[in-house]
Amino acid sequence: MTTPDTTPDLKNQQPPEENGAWRTLLSCTWKTPLGLMGISITTISITLLIIGTFAHMVGLIHNHYAAIFTFMVLPAGMLIGLLIIPLACFMRRKGWFGKTLTAEQLTINLSDSKHRKTIILFLVLTVINITLLGVVSYEGYHFTDSPYFCGVVCHEVMDPEYTAYQRSPHAKVSCVECHIGPGANWYVQAKLSGLRQVKAVFDGDFSRPIPAPVEHLRPARDTCEQCHWPEKFHGKKVKSYVSFSNRNQTEPYVQDIALHIGGRNPVTDSFEGIHWHVSNDIKVEYQPLDKKRTQIGKIKVTKSSGVTEEYTIDGAEESTQEWRTMDCIDCHNRPTHVYDDLEERVDFGLLSKKINPEIDGIREDSITVLKKEYTTRNDASEQIVETLLALQAKRHGNDFVAENEESLIASGSFLLETYLNNVWPAMSVTWGTYREHLGHRYADEGFGCFRCHDEEHSTEFGKVISQDCAMCHDEPE
Ligand code: HEC
Ligand code: HEC
Ligand code: HEC
Ligand code: HEC
Ligand code: HEC
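Since we're looking at a predicted model, the values are computed, not measured.

J.: When you look at the UniProt feature "transmembrane region" (unreviewed entry) in the protein chain in this model, what are you seeing that I'm missing?
T.: When the UniProt feature table is mapped to this numbering, "transmembrane region" (unreviewed entry) covers residues 34–59, 65–90 and 119–138. For residues 34–59, the end-to-end C-alpha separation is 36 Å, with 92% helix and 0% strand making up the annotated structure. Helix makes up 100% of residues 65–90 and strand 0%, with an end-to-end C-alpha separation of 37 Å.

J.: Teacher, can you tell me more about the coordination of the iron atom of ligand 5 here?
T.: Tetrahedral metal sites with four donors have an ideal angle of 109.5 degrees; octahedral sites with six donors have ideal angles of 90 or 180 degrees. Only His 440 (NE2) and His 473 (NE2) from the protein coordinate the iron atom of ligand 5, and they sit 1.9 Å from it. Of note is the iron atom of ligand 5, whose six donor atoms meet at the metal with angles of 87 to 180 degrees in an arrangement that counts as octahedral. Placement of the pair is His 440 in the loop between α13 (405–422) and α14 (469–472) and His 473 in strand β9 (residues 473–474), with a sequence separation of 33 residues.

J.: Which parts of the structure should I look at to understand the coordination of the iron atom of ligand 2?
T.: Protein-derived ligands of the iron atom of ligand 2 are His 170 (NE2) and His 228 (NE2), with the metal-ligand distances lying across 1.9 Å. Every donor counted, the six donor atoms about the iron atom of ligand 2 form angles of 88 to 180 degrees at the centre, which fits octahedral coordination. With His 170 in the loop between α6 (155–166) and α7 (175–179) and His 228 in the loop between α8 (184–203) and β1 (237–243), this residue pair connects regions lying 58 residues apart in the sequence. Residue His 170 is classed as partly exposed on the basis of its relative accessible area of 22%.

J.: I tried to follow the sheet that holds strand β6 (residues 296–303) on my own but got confused; where do I start?
T.: Hydrogen bonds between backbone atoms are what pair the strands of a sheet, whose relative direction is either parallel or antiparallel. Read from one edge to the other, the open sheet built from four strands follows the order β7-β6-β5-β8, with strand pairing classed as antiparallel. Strand pairing shows two members of the sheet lacking a second neighbour, β7 (308–311) and β8 (324–325), which therefore form its edges. Bridge count for strand β5 (residues 282–288) against β6 is six bridges, and the pairing is antiparallel. Bridge assignment links Lys 283 to a residue of β6, and that residue is Thr 302.

J.: Explanation requested: unusual backbone geometry in the structure shown.
T.: Trans peptide bonds make up most of the peptide bonds, and negative phi angles are found at most residues other than glycine. A cis amide bond links Arg 208 with the next residue in sequence, Pro 209, at an omega value of -10 degrees. With respect to the secondary-structure elements, Pro 209 resides in the loop between α8 and β1. Of note, the amide linkage connecting Ala 212 to Pro 213 takes the cis form, showing an omega dihedral of -5 degrees. Among the secondary structure elements, Pro 213 is positioned in the loop between α8 and β1. At Ser 428, a residue that is not glycine, the phi angle is positive and equals roughly 55 degrees. Residue placement: Ser 428 occurs in the loop between α13 and α14.

J.: What am I meant to see in the site of ligand 3 here?
T.: Taken together, 18 residues sit near ligand 3, with Lys 239, His 275, Cys 328, Cys 331 and His 332 positioned nearest. At 2.8 Å from a nitrogen atom of ligand 3 is found a side-chain nitrogen or oxygen belonging to His 275. The side chain of His 332 places a nitrogen or oxygen atom 2.7 Å from a nitrogen atom of ligand 3. A class-by-class count of the residues in the shell around ligand 3 yields ten nonpolar, four polar and four charged.

J.: Help me understand the side chain of Glu 225 in this model?
T.: Mapped onto the fold, Glu 225 is located in the loop between α8 and β1. Setting aside its immediate chain neighbours within four residues, Glu 225 contacts Ala 220, Pro 230 and Cys 328.

J.: I keep staring at the site of ligand 5 and nothing clicks. Help me out?
T.: As a structural note, the neighbourhood of ligand 5 is formed by 16 residues, with Tyr 241, His 440, Cys 469, Cys 472 and His 473 the closest of them. Between ligand 5 and Tyr 241 there is a distance of 2.7 Å, counted from an oxygen atom to a side-chain nitrogen or oxygen. Here a nitrogen atom of ligand 5 sits 2.8 Å away from a polar atom, N or O, in the side chain of His 440. For the shell around ligand 5, the secondary-structure elements that each account for two or more residues are β1, β2 (253–259) and α14. Tallying contributions element by element places β2 first for the shell around ligand 5, with three residues. Residues belonging to the shell around ligand 5 are distributed by class as follows: seven nonpolar, six polar and three charged.

J.: Looking at this structure, I do not really get the pairing of β7. What am I missing?
T.: On a regular strand, each side chain points to the face opposite its neighbour's, so the side chains alternate between the two faces of the sheet. Examined bridge by bridge, β6 and β7 share four bridges and lie antiparallel to one another. Across the sheet, residue Val 301 finds its bridge partner in β7, namely Glu 309. The loop that links β6 with its antiparallel partner β7 comprises four residues; one of these, Gly 306, has a positive phi angle of about 95 degrees.

J.: Would you take a moment to explain the side chain of Ser 411 for this structure?
T.: Tracing the backbone shows Ser 411 in helix α13. Residue classification places Ser 411 among the buried positions, given a relative accessible area of 1%. Ignoring any residue separated from it by four or fewer positions in sequence, one finds Ser 411 in contact with Lys 354, Ile 355, Asn 356, Ile 362 and Leu 388.

J.: Looking at this structure, how should I read the packing of aromatic side chains?
T.: Any two aromatic rings considered together are summarised by their centre-to-centre distance and by the angle between their planes. Taken as a whole and assessed by the stated rule, the structure comprises four aromatic pairs. Considering the side-chain rings of Tyr 162 and Tyr 165, the 6.1 Å spacing of their centres and the 20 degrees angle between planes classify their relative orientation as stacked. With Tyr 162 and Tyr 165 both in helix α6, this residue pair falls three residues apart, about one helical turn. Here Tyr 162 falls in the buried class, since its relative accessible area comes to 15%. Its relative accessible area of 7% is what places Tyr 165 among the buried residues.

J.: I keep staring at the environment of Asp 444 and nothing clicks. Help me out?
T.: Relative to the helices and strands, Asp 444 resides in the loop between α13 and α14. Here the alpha-carbon distance between Asp 444 and Ser 174, two residues 270 residues apart in the chain, equals 33 Å.

J.: What should I look at first to understand a negative patch on the surface in this one?
T.: On the surface, Asp 314, Glu 455, Glu 456 and Asp 468 cluster together into a negatively charged patch. Of the residues examined, Asp 468 reaches a relative accessible area of 44% and is grouped as partly exposed.

J.: Mind showing me how you'd approach the sheet that holds β2 here?
T.: Here we have three strands laid out as an open sheet, ordered β1-β2-β9, and antiparallel in their pairing. Each edge of the open sheet is held by one strand with a lone partner, namely β1 and β9. Two strands pair when backbone bridges link them, and β1 and β2 are joined in this way by seven bridges, in the antiparallel orientation. Within β2, the residue paired with Val 242 across the bridge is Val 254.

Calculation criteria
- Residues numbered from 1 in each chain as written.
- Chains lettered and ligands numbered in written order.
- Predicted model: local features only at pLDDT ≥ 70, side-chain atom pairs only at ≥ 80, totals over all residues.
- Heavy atoms only, no water.
- UniProt positions renumbered as here; feature names shortened; annotations may be inferred.
- Helix = DSSP H or I, 4+ residues; strand = E, 2+ residues; numbered from the N terminus.
- Donors = N, O, S within 2.8 Å, 3.2 Å for Na, K, Ca; no water.
- Tetrahedral: all angles 85-135°; square planar, octahedral: opposite > 155°, others 65-115°.
- Buried < 20%, exposed > 50% of the residue type's maximum accessible area, 1.4 Å probe, protein only.
- Pairing = 2+ DSSP bridges.
- Near = heavy atom within 4 Å.
- Polar contact = N/O pair within 3.5 Å; in protein donor to acceptor, adjacent residues only side chain to side chain.
- Nonpolar A, V, L, I, M, F, W, Y, C, P; charged D, E, K, R; others polar.
- Contact = heavy atoms within 4.5 Å.
- Phe/Tyr/Trp six-rings, centres within 6.5 Å; stacked < 30°, edge-to-face > 60°.
- Patch = residues over 30% accessible without salt bridge, like charges linked within 9 Å, V, L, I, M, F, W, Y side chains within 5 Å.
- Areas by Shrake-Rupley, 256 points an atom, 1.4 Å probe, with all protein chains shown as cover.
- Salt bridge = Lys/Arg side-chain N within 4 Å of Asp/Glu carboxyl O.
- Lys, Arg positive; Asp, Glu negative; His and termini not counted.
- Charge placed at Lys NZ, Arg CZ, Asp CG, Glu CD.

Structure follows, in structure tokens:
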């Protein structure tokens, strides 16, 4: 552009002729501290932004803090800088021109080639800026959708969910595919509620633990069924349950069951088995008695023929909860935020020899160690191995612990890892905070299939929902 040929001594200057006023205005911007600051912020932000965005797009940078900086801090810097520059001119206009500046001097004269060139330059720069912001917003928008953003930016709050997610079968499915799904409408809703959540986090005003079930989770039809579809299920799935007891830590008790996953019967063409509830032929609706959906009142089944059947139980009339159409989440409520069962995890340790099963009493002591309350995750990290050693010393004496130190420390480390995957005192998340509905292991606490399959919910004709073991699983051949 033009080089500043005006002297800094502006106050005594003659009234600027022709386009001098414009030139003075533009060229002096950088001579004021504020203007200089605006220009520097803009230049630095834009330069870093271009380098940063490019590096992210070609995959040179994988660091997510760099992404937060590039996509959130730098665009803000660029915009603020761009706003400061005209502000600086505006604030200094009196200082530069005194009373000599008149409105006529600041008119834009398109027949003046200098004005035309400046305007073209201005337009070109504006287009470049807008393009740059566009690219950055696009990349930034993807970034705010990434599991990293969801899980780590609100670190303390989402740490349990993020940790559990990372070791689940869905670790490569991003949070938004289940929590938002496709479509602009849900996207906007999610971002708005996201903003409210960010505010809640800043105010420290959120529930610990985050309550489950998620009240307004998008229906699974639009999320899970993008990847899994009910018509595809077939056959049986064999599952083995391996457990030990405090008295027998070395020989596992193994129980195999073959789950009737379900699918379309090729002979009758009707859908049967466990996924019957979500097949195209059927709609199962229910009205819970509580917010946690651990007790279920009325249940309504609608067949494709339009025939309906309603089951009810004592006390169902009083429920004010919303009706809900049963979908994947009513059984697979923990498809990705999978927390362990304490004893099952200890038994896995014994089976895999990560806990040494040869050491007497180690199963019982391991359970004690994990059940113990630690104030923070840091305290647990410091105390878990020590606690195990202390319990063993009490049981077998210090000499035994000294002899088996290596093995005990290895077992303790496994327990610590298990603890860190499951317990967050700051979020009040501990063993059993989040239970799953598959099966009936936690039926006493109101989780699982037996919420309905209790032989107590009945139709007006006395038909009940069966608890016949063989309907859901049998012993594999
Ligand atoms: C495979 C699908 C899926 C993915 C991927 C997923 N979630 Fe979830 N999430 C769920 C379901 C289903 C629930 C509801 C559980 C319920 O209602 O009991 C849930 C619940 C939650 C909750 C409520 C607390 C809880 O544990 O019930 C939070 C917070 C959460 N998810 C965060 C995340 C974050 C952060 C990510 C990404 C790192 C993520 N989710 C990825 C399916 C998913
Ligand atoms: C973006 C695709 C995608 C979405 C969305 C998705 N899943 Fe999956 N899901 C997968 C893949 C891929 C696997 C297989 C992982 C493996 O075998 O390791 C899987 C595995 C599973 C399994 C078997 C897990 C196991 O232990 O073997 C279940 C159950 C499941 N998903 C349920 C759900 C539910 C419920 C939802 C919705 C809340 C959902 N999925 C959403 C892709 C998806
Ligand atoms: C009535 C409860 C129930 C509903 C509703 C349900 N499932 Fe399942 N699903 C199960 C059970 C039980 C299993 C087997 C248990 C296991 O794998 O641990 C299973 C297994 C699966 C598997 C693994 C299948 C295999 O062959 O390994 C997938 C994938 C799955 N379900 C996805 C879904 C999806 C998607 C939906 C929603 C369209 C859904 N389920 C609805 C209960 C249900
Ligand atoms: C919200 C209530 C509800 C829940 C929870 C529920 N079911 Fe059902 N289920 C029903 C109803 C209602 C029927 C139909 C009963 C009938 O017609 O006799 C049924 C039928 C079935 C059938 C027979 C389907 C066929 O082939 O006709 C199986 C198998 C089954 N359920 C398995 C499960 C399993 C496994 C779970 C837990 C993972 C579960 N159900 C959880 C309500 C429920
Ligand atoms: C409504 C369906 C249903 C009925 C009825 C049912 N089960 Fe199950 N059961 C399941 C499912 C689903 C699982 C697997 C849970 C999982 O994925 O880990 C299971 C798992 C089990 C397990 C191994 C895990 C555990 O809980 O220890 C045993 C044992 C078991 N069932 C026994 C029985 C017996 C005995 C009966 C009959 C009184 C019965 N079940 C009736 C659905 C059912």
